[in-house]
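What follows is each chain in one-letter form.
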Amino acid sequence: MCVSDSQTAKQAGLVKQAFEAQRAMLMKASKAKQPGPAEMQGVAKDTSELVGQIQGCATTDRRAADYHHRQAMSEAIPAIGWVMVEKTPGPHVNDMWQCGEFNQQKIIVQHKGKSDDQVAFAKSLKEIFVRLEAFIKENHRTGLEWKPNGVPLADALSAAGPAPPPRPLAA
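Everything quoted here is computed from the prediction, not taken from an experiment. (Residues numbered from 1 in each chain as written. Predicted model: local features only at pLDDT ≥ 70, side-chain atom pairs only at ≥ 80, totals over all residues. Heavy atoms only, no water.)

Draft legend 1. Expanded view of the environment of Ala 156. Looking at the secondary structure, you find Ala 156 in helix H7 (residues 153–159). With relative accessibility at 3%, the residue Ala 156 sits in the buried group. Beyond its immediate chain neighbours, meaning those up to four positions away, Ala 156 contacts Lys 28, Lys 31, Ala 32 and Val 151. (Helix = DSSP H or I, 4+ residues; strand = E, 2+ residues; numbered from the N terminus. Buried < 20%, exposed > 50% of the residue type's maximum accessible area, 1.4 Å probe, protein only. Contact = heavy atoms within 4.5 Å.)

Draft legend 2. Spotlight on helix H1 (residues 7–29). Between its first and last C-alpha, H1 extends 33 Å over 23 residues, near the 33 Å set by a 1.5 Å rise per residue. Buried residues of H1: Gln 7, Gln 11, Leu 14, Val 15, Ala 18, Ala 21, Gln 22, Met 25, Leu 26 and Ala 29, and no others. Packing partners of the buried residues in H1 comprise helix H2 (37–43), helix H3 (45–56), helix H4 (67–76) and helix H6 (116–139). (Expected span 1.5 Å × (residues − 1).)

Draft legend 3. A look at the pattern of salt bridges. Here the structure, examined in full by the defined rule, presents 7 salt bridges. Linking Lys 16 and Glu 20 is a salt bridge whose minimum nitrogen-to-oxygen distance equals 3.4 Å. Here the residue Lys 16 and the residue Glu 20 both occupy positions in helix H1, the gap between them amounting to 4 residues, near one helical turn. For Lys 126, the salt bridge goes to Glu 101, with nearest N and O atoms at 4.0 Å. In this pair, Lys 126 is assigned in helix H6 and Glu 101 in helix H5 (residues 89–111), connecting sequence segments 25 residues apart. Residue class for Lys 126 comes out partly exposed when judged on its relative accessible area of 33%. (Salt bridge = Lys/Arg side-chain N within 4 Å of Asp/Glu carboxyl O.)

Structural data, given as structure tokens:
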């Protein structure tokens, strides 16, 4: 459960950590053979725990100024569970985004013409999940791609250093 003064900032930090954990997992997948289901649960554990913490930042206080901000992310963040979806992970991301989109639209309606920063925040929230789905369609259309002739997962875990910095986003 989030307990800091700025619940939205706390949630944003957790979201960043979740995407970093997923990125590290993708780096391991690029080096390792596909693990069995039990091993896969272990690999996804860090991301899964962070998703739970992010959802714990949601509030039931509809009067909170950041209610829709926290709800939108809490409802959409399970999209990063796409790595566990076999065959068609892209639609999973879209489905989860649609769960958060209601609150994202509330932010836009509430702040349109009043706060460009809030509207930009809401639009960037959507962009995260649109780009995630595009990444999946380009690189993992039929599920998380592992290296068929890669090393065993345990070897990839022990050899894993820090992930290289992400490429800059194209404008």
